[in-house]
Amino acid sequence: NAGVTQTPKFRVLKTGQSMTLLCAQDMNHEYMYWYRQDPGMGLRLIHYSVGEGTTAKGEVPDGYNVSRLKKQNFLLGLESAAPSQTSVYFCASSYHVLQEQFFGPGTRLTVL
Amino acid sequence: GENVEQHPSTLSVQEGDSAVIKCTYSDSASNYFPWYKQELGKGPQLIIDIRSNVGEKKDQRIAVTLNKTAKHFSLHITETQPEDSAVYFCAASLTGNQFYFGTGTSLTVIP
């Protein structure tokens, strides 16, 4: 099992550009999450999904959109990137609520 | 929303000593408290968790204690080893849909 994988690992964008981050899990988990990690601020939840076809806003959703068309994939989109979105992005999944979240290796995004 | 505070932000201990990291939370309805370890360049990994109906949980050299009245929980690592060096995050969750993380503690174990 690959667990949780994220694509790409690194990306540099210019302000105003768009991109999509892909998260895939092969553990048949219902729940999937997108976090951003900034120095001194820990992990903050952007969006999450409780099952295929569902999405919901987390703590810091502005400037991001998500989609969960297939159970195993969770996509995070930036329509018009801003320097404030420079961060490390982590995807996570869990089988059920209040259970262990399995994290991917992260995507380091720099917006110039 | 929930607010989780974590202390200290950095911690250095001699190999073999104990390390304690403390977190407080604001929402008394929170009922699940996991601890994650993050090694450099990797995603966080769960090391131990505790639910609100339990006061203490142990797993070999790692233990977590929960004081619901005071709204704080702590991670205890005994007999620390160099491979324990990492960043540790606490978190709190009410529904399981949203997790609120502390700001992290960078632990260094000095050989």
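Residues numbered from 1 in each chain as written. Chains lettered and ligands numbered in written order. Predicted model: local features only at pLDDT ≥ 70, side-chain atom pairs only at ≥ 80, totals over all residues. Heavy atoms only, no water.

## A closer look at the interface of chain A and chain B
Heads up, the condition is: Residue contacts are counted whenever heavy atoms from the two residues lie within 4.5 Å of one another. A 1.4 Å probe defines the accessible area here, and the buried area is the portion of it lost by two parts on being joined, summed over both. By definition here, a salt bridge exists when the distance from a side-chain nitrogen of Lys or Arg to a carboxyl oxygen of Asp or Glu is within 4 Å. Any pair of nitrogen or oxygen atoms within 3.5 Å is treated as a polar contact; in protein, a donor-acceptor pairing is required on top of that, and neighbouring residues in sequence qualify only through side-chain atoms on both sides. Numbering goes from the N terminus for both helices and strands, where a helix is a DSSP run of H or I of at least four residues and a strand is a run of E of at least two. In the scheme used here, Gly and all other residues not listed as nonpolar or charged are polar, with Ala, Val, Leu, Ile, Met, Phe, Trp, Tyr, Cys and Pro taken as nonpolar and Asp, Glu, Lys and Arg as charged.
The interface is formed by 23 residues belonging to chain A together with 22 residues belonging to chain B. Of the roughly 1,700 Å² buried between chain A and chain B on both sides combined, carbon and sulfur atoms contribute 56%. Interface area lost by chain A to chain B is led by A:Leu43, A:Leu98 and A:Phe103, which between them contribute 34%. Connecting chain A to chain B are zero salt bridges. Put simply, chain A and chain B have three residue pairs in polar contact (both at pLDDT 80 or more) between them. Secondary structure elements with two or more residues in the side of chain A that touches chain B: β4 (31-38) and β5 (42-49) of chain A. Across the side of chain A that touches chain B, the residue classes break down as 13 nonpolar, seven polar and three charged.

## Focus: the state of the cysteines
Here is the idea: a disulfide is a covalent bond, and it sits between the sulfur atoms of two cysteines. Residues and elements named next belong to chain A. Short version of the rule: The term disulfide is used for any two cysteine sulfur atoms that are within 2.5 Å. Here's how the labels work: a residue is buried when its accessible area is under 20% of the maximum for its type, exposed when over 50%, partly exposed in between, all with a 1.4 Å probe on protein chains only.
One pass over the structure, following the stated rule, counts two disulfides over all chains. Covalently, cysteine 23 is tied to cysteine 91 through a disulfide, its sulfur atoms 1.9 Å apart. A torsion of -75° about the S-S bond marks the disulfide between cysteine 23 and cysteine 91 as left-handed. Of this pair, cysteine 23 sits in strand β3 (residues 19-25) while cysteine 91 is found in strand β9 (residues 87-94), placing the two residues 68 residues apart along the sequence. The buried category is assigned to cysteine 23, whose relative accessible area is 0%.

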